[in-house]
Amino acid sequence: MLHIRPLQSTDSLEQLTALLHRGYARLGAMRLNYTAVDQTGEVTADRIQGGHCLVALWNGELAGTVLGKPRLKDTRITRGEPRGHPLAPLDPQNNRLHRGS
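The structure contained in this document is the topic of the report that follows. (Residues numbered from 1 in each chain as written. Predicted model: local features only at pLDDT ≥ 70, side-chain atom pairs only at ≥ 80, totals over all residues. Heavy atoms only, no water.)

Topic: the pattern of salt bridges
No. 1: Per the counting criterion, the structure on display carries one salt bridge.
No. 2: D11 is the partner of R5 in a salt bridge, and the nearest nitrogen-oxygen pair spans 2.8 Å. (Salt bridge = Lys/Arg side-chain N within 4 Å of Asp/Glu carboxyl O.)

In structure tokens:
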């Protein structure tokens, strides 16, 4: 069963980072420059700050995440990250099972 909830302090940022690596691996293999391809757990924590992070659990296992951040007046890309656009990777294993988009 799918359950979506806010990220909790008891959630593992290392597991979340591993999910990001899996979710963006295909894009990295195409040599596209996405931070989440190889970011550290510390970078994951930094990127979550100031945003609203939700996690998707499938049968209790981490299956996806989305991070929303408030839009800034200046919508140009800064530090390689568009503001106000959610990041929404899914675990590729779940995506193949049509539980994601």
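With respect to the side chain of T65
No. 1: With respect to the helices, strands and loops of the structure, T65 is situated in strand β3 (residues 61-68).
No. 2: Judged by relative accessible area, T65 falls into the buried class, the value being 10%. (Helix = DSSP H or I, 4+ residues; strand = E, 2+ residues; numbered from the N terminus. Buried < 20%, exposed > 50% of the residue type's maximum accessible area, 1.4 Å probe, protein only.)

Some remarks on unusual backbone geometry
No. 1: Positioned with a positive phi, R31 is a non-glycine residue whose angle comes to about 65 degrees.
No. 2: Inspection of the secondary structure assignment puts R31 in the loop between α1 (13-29) and α2 (41-48).
No. 3: Judged by its relative accessible area of 78%, R31 is exposed.
No. 4: Although it is not a glycine, N59 adopts a positive phi angle of roughly 55 degrees.
No. 5: Tracing the chain through its elements places N59 in the loop between β2 (52-58) and β3.
No. 6: Here N59 falls in the exposed class, since its relative accessible area comes to 54%.

Let's talk about the packing of α1 against α2
No. 1: Between α1 and α2, the shortest axis-to-axis distance is 9 Å and the interhelical angle comes to 95 degrees. By the angle between their axes, α1 is roughly perpendicular relative to α2. Residues L13, E14, L16, T17 and L20 of α1 pack against G41, T44, A45 and I48 of α2.
No. 2: Class assignment of the residues belonging to the contact of α1 with α2 gives a composition of five nonpolar, three polar and one charged. (Axes fitted to C-alpha atoms, helices over the stretch in contact; angles between N-to-C directions. Parallel < 35°, antiparallel > 145°, perpendicular 65-115°, else oblique. Contact = heavy atoms within 4.5 Å. Nonpolar A, V, L, I, M, F, W, Y, C, P; charged D, E, K, R; others polar.)

Some words on the environment of E14
No. 1: For E14, the position within the fold is in helix α1.
No. 2: E14 gets classed as exposed once you look at its relative accessible area, which sits at 55%.

Considering α2
No. 1: Among the residues making up α2, those that are buried are G41, T44, R47 and I48. The arc that holds the buried residues of α2, viewed along the axis, is 120 degrees, so those residues lie on one side. Opposite the buried face of α2, by more than 90 degrees, sit the exposed residues E42 and D46.
No. 2: Residues of α2 that are buried in the fold lie against α1, β2 and β3. (Arc of directions from axis to C-beta.)

A closer look at the sheet that holds β2
No. 1: Here three strands make up an open sheet; going across it, the order is β1-β2-β3 and the pairing antiparallel. Here the strands that pair on one side only, and so sit at the sheet edges, are β1 (2-6) and β3. The sheet shows a mean angle of 20 degrees between the axes of neighbouring strands, taken without regard to direction.
No. 2: Where β2 lies against β3, seven bridges are found, and the strand directions are antiparallel. (Pairing = 2+ DSSP bridges.)

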